[in-house]
Amino acid sequence: MARGSKSLDLSGFTFDESWEEKRERAERIVEVLMKTHPREKLLIGDPYRTLIHCIISQRMRDEVTYRVWEELFNRYKDIETIAATPVEEMQEFLRRQGVGLWKTKGEWIVKVSQIILQRYGGKVPDDIHELMKLPGIGRKCANIVLAYGFGKQAIPVDTHVNRISKRLGLAPPRVQPEKVEEYLTELIPKDKWIYVNHAMVDHGRSICRPINPKCDECPLRELCPYAKGLVKKEDIK
């Protein structure tokens with residue numbers, strides 16, 4: 001049984017490894033990822049702008065998200081301005097920028113700004129449960145705000161983190177993303193949590209790609225059960 005957790009077990013893994021062995025391997029994996037994929041700037045450092053970025057980013061390419069996000073704050077300078085913007089105007093702005101789900105996201109952006117002003121005195125809450133009460137904010141986005149907005153130790157599990165964690169045998173291959181987060185926070189030292197998302201995202205784009213991963217070039221191949229055939233493509237959900 002995992003240290004400090006009664007809800008995690010090893011039964012869903014496709015290979016044998018004790019918790020102690022898995023924890024030791026996880027720490028080595030994170031060290032390699034941090035060295036392979038360093039970032040000069042880790043934090044956005046502004047919880048509100050991080051939150052809006054996350055709303056825009058849902059089902060969007062990163063380069064488009066960043067462009068739209070910058071343009072939004074060039075036009076609407078602050079939370080007060082956005083909260084006072086008619087929903088239809090924000091929706092039309094997003095539509096013209098080529099944002100998918102522009103109707104829903106436009107409504108979320110305006111409403112979340114109004115709620116933060118009215119309910120939280122203009123400050124984004126730094127509690128995951130309060131964040132998840134906001135329109136358009138699920139657990140992944142809440143953790144992104146905590147990590148990249150507030151600089152708190154959190155592990156947002158997006159599609160890259162979900163896939164790579166399962167290939168690396170750090171989470172059972174068929175569990176939901178919320179469970180992946182539980183396994184990662186159990187296995188990885190807390191002072192390294194904030195690095196996991198960006199390092200795995202960068203690794204997933206460059207090497208551990210969804211299709212045709214470059215296992216021969218991977219610095220983690222000796223630590224990776226997927227590269228060794230212990231986790232199969234068809235195992236992963």
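About the criteria used
Residues numbered from 1 in each chain as written. Predicted model: local features only at pLDDT ≥ 70, side-chain atom pairs only at ≥ 80, totals over all residues. Heavy atoms only, no water. Core = buried A, V, L, I, M, F, W, Y, C linked by side-chain atoms within 4.5 Å. Buried < 20%, exposed > 50% of the residue type's maximum accessible area, 1.4 Å probe, protein only. Helix = DSSP H or I, 4+ residues; strand = E, 2+ residues; numbered from the N terminus. Contact = heavy atoms within 4.5 Å. Phe/Tyr/Trp six-rings, centres within 6.5 Å; stacked < 30°, edge-to-face > 60°. Lys NZ or Arg CZ within 6 Å of the ring centre and 35° of its normal. Salt bridge = Lys/Arg side-chain N within 4 Å of Asp/Glu carboxyl O. Disulfide = S-S within 2.5 Å. Axes fitted to C-alpha atoms, helices over the stretch in contact; angles between N-to-C directions. Parallel < 35°, antiparallel > 145°, perpendicular 65-115°, else oblique. Left-handed = near helix turned anticlockwise from the far one by under 90°. Polar contact = N/O pair within 3.5 Å; in protein donor to acceptor, adjacent residues only side chain to side chain.

Trainee: Whenever I open this one, the nonpolar core confuses me. Can you help?
Mentor: Soluble globular proteins tend to bury their nonpolar side chains together. Counting residues in hydrophobic clusters, the biggest one holds 39 residues, and the most contacted among them are Leu51, Ile52, Leu72, Ile109, Leu131 and Leu134. Among the elements of the structure, α2 (47-57), α3 (62-75), α4 (79-83), α5 (87-96), α6 (102-120), α7 (128-131) and α8 (139-149) are those that each provide at least two residues to this core. In terms of residue count, the dominant contributor to this core is α8 (7 residues). For isoleucine 52, the contacting residues outside a window of four places in its chain are Trp69, Leu72, Phe73, Ile109, Val112 and Ser113. Formed by 33 residues, the second largest nonpolar core is a distinct cluster that contains Leu8, Val157, Trp193 and Cys208.

Trainee: I tried to follow the packing of aromatic side chains on my own but got confused; where do I start?
Mentor: Remark: the centre distance and the inter-plane angle together describe each pair of aromatic rings, the angle taken between the planes. Inspection of the entire model under this criterion finds 7 aromatic pairs. Taking the centre distance of 6.2 Å and the plane angle of 75° together, the rings of phenylalanine 13 and phenylalanine 15 count as edge-to-face. Given the relative accessible area of 13%, phenylalanine 15 is considered buried. A ring pair is formed by phenylalanine 13 and tyrosine 183, whose centres lie 5.7 Å apart and whose planes are at 85°; its orientation type is edge-to-face. Taken together, the residues span a long stretch of sequence, with phenylalanine 13 in the segment before α1 (19-36) and tyrosine 183 in helix α10 (residues 177-187) at a distance of 170 residues. Neither phenylalanine 13 nor tyrosine 183 differs from the other in exposure class; each is buried. Following the ring pairs from residue to residue traces out a cluster consisting of Phe13, Phe15, Trp19 and Tyr183. The residue whose ring lies beneath lysine 22 is phenylalanine 13, and the NZ or CZ to ring-centre distance is 3.8 Å. For arginine 49, the ring lying beneath its charged end belongs to phenylalanine 73, and the centroid distance is 4.2 Å.

Trainee: Help me understand the pattern of salt bridges in this model?
Mentor: Where side chains of opposite charge bring their charged atoms close, a pairing between them can arise. Following the criterion strictly, the structure yields 16 salt bridges and no others. Close ionic contact of lysine 192 with aspartate 191 constitutes a salt bridge, the shortest N to O distance being 3.6 Å. When its relative accessible area of 47% is taken as the criterion, aspartate 191 is described as partly exposed. Among the ionic contacts, a cluster of salt bridges with common partners joins Glu17, Lys22 and Arg25.

Trainee: Please clarify how the state of the cysteines should be interpreted in this entry.
Mentor: Two cysteines, two sulfur atoms, one covalent bond between them: this is a disulfide. For the structure on display, the rule yields 1 disulfide. Disulfide partner of cysteine 54: cysteine 141, at an S-S distance of 2.0 Å. Because the torsion about its S-S bond is -90°, the bridge between cysteine 54 and cysteine 141 counts as left-handed. Of this pair, cysteine 54 sits in helix α2 while cysteine 141 sits in helix α8, and the two are 87 residues apart along the sequence. Free cysteine cysteine 224: the closest other cysteine sulfur is in cysteine 215, separated by 6.2 Å.

Trainee: Can you help me understand the environment of arginine 95 in this one?
Mentor: In this structure, arginine 95 sits in helix α5. Along the primary structure arginine 95 and lysine 105 are separated by 10 residues, whereas in three dimensions their C-alpha atoms are 10.0 Å apart.

Trainee: Just checking my understanding: could you explain unusual backbone geometry for this structure?
Mentor: Negative phi is the rule for most residues except glycine; trans is the rule for most peptide bonds. One non-glycine residue, arginine 59, adopts positive backbone phi at about 60°. Here arginine 59 shows up in the loop between α2 and α3.

Trainee: Explain the packing of α5 against α6 here, please?
Mentor: How two helices pack is summed up by the angle between their axes together with the distance between the axes. One way to put it is that α5 packs onto α6 with a least axis distance of 8 Å and a crossing angle of 130°. On the basis of their axis angle, the class for α5 and α6 is oblique. Judged by the sense of rotation from one axis to the other, the crossing of α5 with α6 is right-handed. On α6, the residues that touch Val87, Met90, Gln91, Leu94 and Arg95 of α5 are Trp102, Lys103, Lys105, Gly106, Glu107, Ile109 and Val110.

Trainee: Can you walk me through helix α9 (residues 159-167) in this structure?
Mentor: Each full turn of the α-helix corresponds to 3.6 residues, which orients residues three or four apart in the same direction. Among the 9 residues in α9, 8 count as buried, and that is most of the element. Residues His160, Val161, Asn162, Arg163, Ile164, Ser165, Lys166 and Arg167 constitute the buried set of α9. Residues of α9 that are buried in the fold lie against α10 and α11 (193-206). Measuring from the backbone nitrogen of histidine 160 back to the side-chain oxygen at the start of α9 gives 3.1 Å, which picks out aspartate 158 as the cap. Once α9 finishes, glycine 169 follows within two positions and takes phi at roughly 70°, a positive value.

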